[in-house]
Amino acid sequence: MPRRRLSRYAFHRRLRLLRRSQRRSKGRRAVLLVAILILALPLLVIPAFAAESVGNLPAVDGLSATGLHQDMLIFDRHGTLIDDIGDHGDHRIVVPLNSMSPFVKQATIAIEDKTFYKNNGVDFAGIARAALADYSHHHIAQGGSTISQQLVKQVFIGPNPPPTIQRKIREAVLAMDLNSRYSKDQILELYLNTIYYGAQSYGAEAAARGFFHTTAHDLTLGQAAMLAGLPQAPTQNSPLINPTKAKARQAEVLDAMVAQKMITAAQALAAENEKLQFFYPTNQLQAPHFVDYVLQVLDRQYHIRPSDRKGYRVYTSLDLNVQHLAESVVRSQITRFGNYYDFHDGALVSMDPKTGEVLAMVGGDDYYRPGGQINMATTDTRQPGSSFKMFTYTSAIESGRLNMVSPIRDQPMIFPLGGGKDGLKPYAPQNYDKHYHGTLPLKMAMGNSLNIPAIKVELTTGIPAVLDTARRMGVTSLNQDDSHYGISLTLGGYGVSPLDMVTGASTLANMGVRHRPAPVLSIQDGLGKTVFKYDPAKNQFQAISPQVAFIIDSIMSDDRNRCMSFGCGGDLTLAGRHVGAKTGTTQDFRDNWTIGFTPTLATAVWVGNPDYHPLAHNSTGIVGAAPIWHQFMTQALASQPDQWYAVPAGVDQVGQNYFLPGTENLRPTLAGSWPVCRFRSFNPYTVTDAQLTVNGLPCVLGYTPRDLGQGG
């Protein structure tokens, strides 16, 4: 009896355990079934009640990778990237699918959506697998979303939406609609240009450039597998933040590729062992002052801005090799002699005279120092000193009143007004060496940069005529009314930019044909369509005649004309090469210039201090800017043969001198004394223009006043 009761008890106990086990098993199945139904059943019956469940959905037609917001890319003339301008540090660069490495496409499909080319945008089997995995792991282990679903989430729903059933249904509907309208390659192209990889990089191209400093086209298998593993968790899987997790994720991607027979196990092992170098997000900006200038031109002339986010590709005129040379030469001169002469900044602009294309631009020695963003080459104007005289003498030759050998008397001159801080005191201009040199031919007065002869030439020609010539030749800074400018114009007393000066020099170098500065060669939009292409023929203007240009070029290229003041064979010459050059030094030695050109290259150099404090040791253009100009021109032209101009028709040659027809025997009007004012004393507040003029010229005092003011 007891034994039978024990058996009955054991039997019932086992029965209870079995029933409990069966109930537990049924419970598990029920949970799994519910999970599958929650995810899959709504999708199976979407056509019946999708509209009621999810409301209005956005249209998926009209999508294109090229329509995505993306960076503006700025290149040099050879196609080398100078700057990638994103959105507050975020970057996207759209490239077509066929420009991406096959590895990045395969790796993405293997880890994100292995049935990509088979499913209709929703992988029901994948959803079931994800539900089972989530239950068995007691947390979200797999997502189950296809590439199409991830794409519509990014484009239409948002990157971090709430995890609701309605959102999943919306994704599924949109993904299926997407697949009915676009090819798989189109969808993959959109995805690979859209998805976020971390480190402020959107799309495979930006990620390849950011993480590896390469392109999506050149990604290796190891690099592609690393990138493909990032979208699931861009921060957690980042090789910059969690290299161990990133390496493990890369192995998962490679294993998935092997499982899908995309690569062999040997290839996966080699890729896993590949040593990868990662880069933190940086701005690879080169030629920063030039880039700023280009952005200003794009905005002003073409109404194109980086904030448009339309993916413009801007191909500029800059030659990065020439740019690096310019930067190096400017920095070297400041480093070697800046402390001694007390100059701490410099600017250089170099231009192709035949086209106006800007080949190099240094707007300052250090863009990143306080105040260094000011572009001293373009946006800031400084007094050009005697370098401005090239416009004065060009205007004089053009007028036909003077020729290159016209005698000019270098003598003391005291003008009744123009001196002192208020301009109401007498003004006595002086030559740089504070001496007078008697009577010299115009070409020597220009070459030796004598101030008093230049003033005589300016006043004889007329200040309005000099202004007109300078403006025609490319000076844009002198834009006030002619009456604003006085005698000191020819001495460089009014601010201009190095860009203006190099444009004027280029006009002389191009036989009188002016091209406005052309920093942009072509612009393409995000579709690859060319929206602008530079045509030099549409940007040329015959500012002065070839005959006048040739005569001035001859004066500026003859080193004998400047030996008296600058010595022979100095930095204004280039060994074995014809070259025209002119220096400039401003009052109190605050600005230091050299301008020069050959038929193929024109360059302007400025040296000084942004805060206007003067240079030390009487620094002139010959010791500050000229060495920079000389070294740059020598190296930039090293591979080119010497070139110069043939005598153009319409120029008469007498010995080694050149004349406009009919100007060979002009009266020596500037060889005598300058007209003297007819009054002995005057009131500067009431004196009239008629009193200050004799024979149509501003008169000088016949005596030396006690309160002589030297300022001008």
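Located above this text is the structure these notes cover.
Residues numbered from 1 in each chain as written. Predicted model: local features only at pLDDT ≥ 70, side-chain atom pairs only at ≥ 80, totals over all residues. Heavy atoms only, no water.

1. Some remarks on the overall build of the chain
Counting its regular elements, the chain contains 21 helices and 23 strands. Counting over 712 residues, the chain shows a buried share of 51%. (Helix = DSSP H or I, 4+ residues; strand = E, 2+ residues; numbered from the N terminus. Buried < 20%, exposed > 50% of the residue type's maximum accessible area, 1.4 Å probe, protein only.)

2. Quick word on the state of the cysteines
What makes a disulfide is a covalent bond joining the sulfur atoms belonging to two cysteines. Following the criterion strictly, the structure yields two disulfides and no others. Covalent S-S linkage joins C563 and C568, the inter-sulfur distance amounting to 1.8 Å. Linking C563 and C568, the disulfide has an S-S dihedral of approximately 130° and is accordingly described as right-handed. Here C563 falls in the buried class, since its relative accessible area comes to 19%. Paired through a disulfide, C677 and C699 show a sulfur-sulfur distance of 2.0 Å. The sign of the S-S torsion, about 90°, decides the handedness of the disulfide formed by C677 and C699: right-handed. (Disulfide = S-S within 2.5 Å.)

3. Looking at the packing of helix α13 (residues 320-341) against helix α21 (residues 625-636)
Where α13 contacts α21, the axes come no closer than 9 Å and their chain directions differ by 150°. Classified by the angle their axes make, α13 and α21 are roughly antiparallel. The crossing of α13 and α21 is right-handed. Mapping the contact onto sequence places V322, L325, A326, V329, V330 and Q333 in α13 and P627, I628, Q631, F632, Q635 and A636 in α21. Residue composition of the contact of α13 with α21, grouped by class: nine nonpolar, three polar and no charged. (Axes fitted to C-alpha atoms, helices over the stretch in contact; angles between N-to-C directions. Parallel < 35°, antiparallel > 145°, perpendicular 65-115°, else oblique. Left-handed = near helix turned anticlockwise from the far one by under 90°. Contact = heavy atoms within 4.5 Å. Nonpolar A, V, L, I, M, F, W, Y, C, P; charged D, E, K, R; others polar.)

4. Concerning the pattern of salt bridges
Under the criterion given, the structure shown has 15 salt bridges. The partner of R249 in a salt bridge is E252, with the nearest N and O atoms 3.0 Å apart. Of this pair, R249 and E252 both sit in helix α10 (residues 243-259), three residues apart, which is roughly one turn of that helix. A cluster of three or more residues bridged by salt bridges with shared partners is formed by E398, D468 and R472. (Salt bridge = Lys/Arg side-chain N within 4 Å of Asp/Glu carboxyl O.)

5. Side note on the pairing of strand β7 (residues 345-351)
Burial analysis of β7 places seven of its seven residues in the buried class, which makes it a mostly covered element. Residues of β7 alternate between two faces, with D345, A347, V349 and M351 on one and G346, L348 and S350 on the opposite face, all of them buried. Bridge count between β7 and strand β8 (residues 358-362): four bridges; the pairing is antiparallel. Each bridged residue has a counterpart across the sheet, and for S350 the counterpart in β8 is A360. Count of turn residues in the β7/β8 antiparallel hairpin: six residues, of which G356 carries a positive phi of about 80°. (Pairing = 2+ DSSP bridges.)

6. As for helix α7 (residues 184-194)
The α-helix advances 3.6 residues per turn, and as a result positions three or four apart in sequence lie on the same side. Burial within α7 is extensive, with eight of its eleven residues counted as buried. Buried residues of α7: K184, I187, L188, L190, Y191, L192, N193 and T194, and no others.

7. So, the packing of helix α8 (residues 204-212) against helix α9 (residues 221-228)
Viewed as axis vectors pointing N to C, α8 and α9 meet at an angle of 115°, and their least axial separation amounts to 11 Å. The angle between α8 and α9 places the two elements in the roughly perpendicular class. Both α8 and α9 take part in a crossing whose hand is right-handed. In this structure, α8 contributes A204, A207, A208, F211 and F212 to the contact, and α9 contributes Q223, M226 and L227.

8. Structural notes on the sheet that holds strand β6 (residues 313-316)
The sheet built from five strands is open, its strands ordered β2-β1-β6-β14-β15 with mixed pairing. This sheet does not close on itself; its edge strands, each paired only once, are β2 (81-85) and β15 (530-533). On average, each strand axis in the sheet is tilted by 15° relative to the strand beside it, whichever way the strands run. The pairing of β6 with strand β14 (residues 520-524) spans four bridges and is classified as antiparallel. Of the residues in β14, the one forming a bridge with Y315 is S522.

9. Notes on the packing of aromatic side chains
As enumerated under the stated definition, the model contains 15 aromatic pairs in all. Connected via pairs of aromatic rings, a cluster forms that spans F211, F212 and F278. The aromatic ring of F116 is capped on one face by K184, whose charged end is 4.6 Å from the ring centroid. Taking NZ or CZ as reference, R680 lies 4.3 Å from the ring centre of Y703, over its face. (Phe/Tyr/Trp six-rings, centres within 6.5 Å; stacked < 30°, edge-to-face > 60°. Lys NZ or Arg CZ within 6 Å of the ring centre and 35° of its normal.)

10. A closer look at the pairing of strand β10 (residues 415-419)
Two elements, β10 and strand β11 (residues 425-427), share two bridges in a ladder whose sense is antiparallel. Paired with F415 across the bridge in β11 is Y427. Between β10 and the antiparallel strand that follows it, β11, lie five residues; G420 among them carries a positive phi value of about 75°.

11. As for unusual backbone geometry
Notably, K434 is not glycine yet its phi reads approximately 60°, a positive angle. Its place among the elements puts K434 in the loop between β11 and β12 (438-441). A positive phi is found at S449, a non-glycine position, where the angle reads about 55°. Mapping S449 onto the fold places it in the loop between α15 (442-447) and α16 (451-461).

12. Remarks on the nonpolar core
Counting residues in hydrophobic clusters, the biggest one holds 93 residues, and the most contacted among them are V314, M390, F415, L478 and L489. When residues in this core are grouped by element, the largest group, seven residues, is from helix α19 (residues 546-557). Membership of the second largest hydrophobic core comes to 37 residues, among which are V104, I147, Y197 and M226. (Core = buried A, V, L, I, M, F, W, Y, C linked by side-chain atoms within 4.5 Å.)

13. A look at the sheet that holds strand β5 (residues 201-202)
If you trace the three strands from one edge of the open sheet to the other, you get β3-β5-β4, paired in mixed fashion. The two strands at the open ends of the sheet, each matched to only one other strand, are β3 (91-92) and β4 (196-198). In this structure, β3 lies alongside β5, joined through two bridges in parallel fashion. Across the sheet, the residue bridging to R92 is Y202, located in β5. Across the sheet, α8 is in contact with β3, β4 and β5; its angle to β4 comes to roughly 10°.

14. Some thoughts on empty space enclosed by the protein
All told, the structure shown has two cavities of 30 Å³ or more when counted by the stated rule. Considering the residues around the largest cavity, the lining is formed by M446, G447, I555, M556, R562, F566, L572, A581, K582 and T583. Per-element tally for the lining of the largest cavity: the top contributor is strand β17 (residues 580-585), with three residues. Of the residues belonging to the lining of the largest cavity, the class tally is six nonpolar, two polar and two charged. Every residue lining the second largest cavity is listed: R577, T598, P599, T600, L637, Q640, P641 and Q643. (1 Å grid on protein atoms, 1.4 Å probe; cavity = no way out; pocket = protein on both sides within 12 Å on 5 of 7 lines; lining within 4 Å. Points joined across faces, edges and corners; volume = space filled by probe spheres on them.)

15. As for the environment of H78
Tracing the chain through its elements places H78 in the loop between β1 (72-75) and β2. At 3.3 Å, the side chain of H78 and the side chain of D319 are in polar contact. (Polar contact = N/O pair within 3.5 Å; in protein donor to acceptor, adjacent residues only side chain to side chain.)

16. Observations concerning the environment of L227
Along the polypeptide, L227 turns up in helix α9. Looking at L227, the relative accessible area reads 0%, which means it is buried. Those residues in contact with L227, other than ones at most four positions away along the chain, are Y197, A204, A207, A208, F211, F212 and L219.

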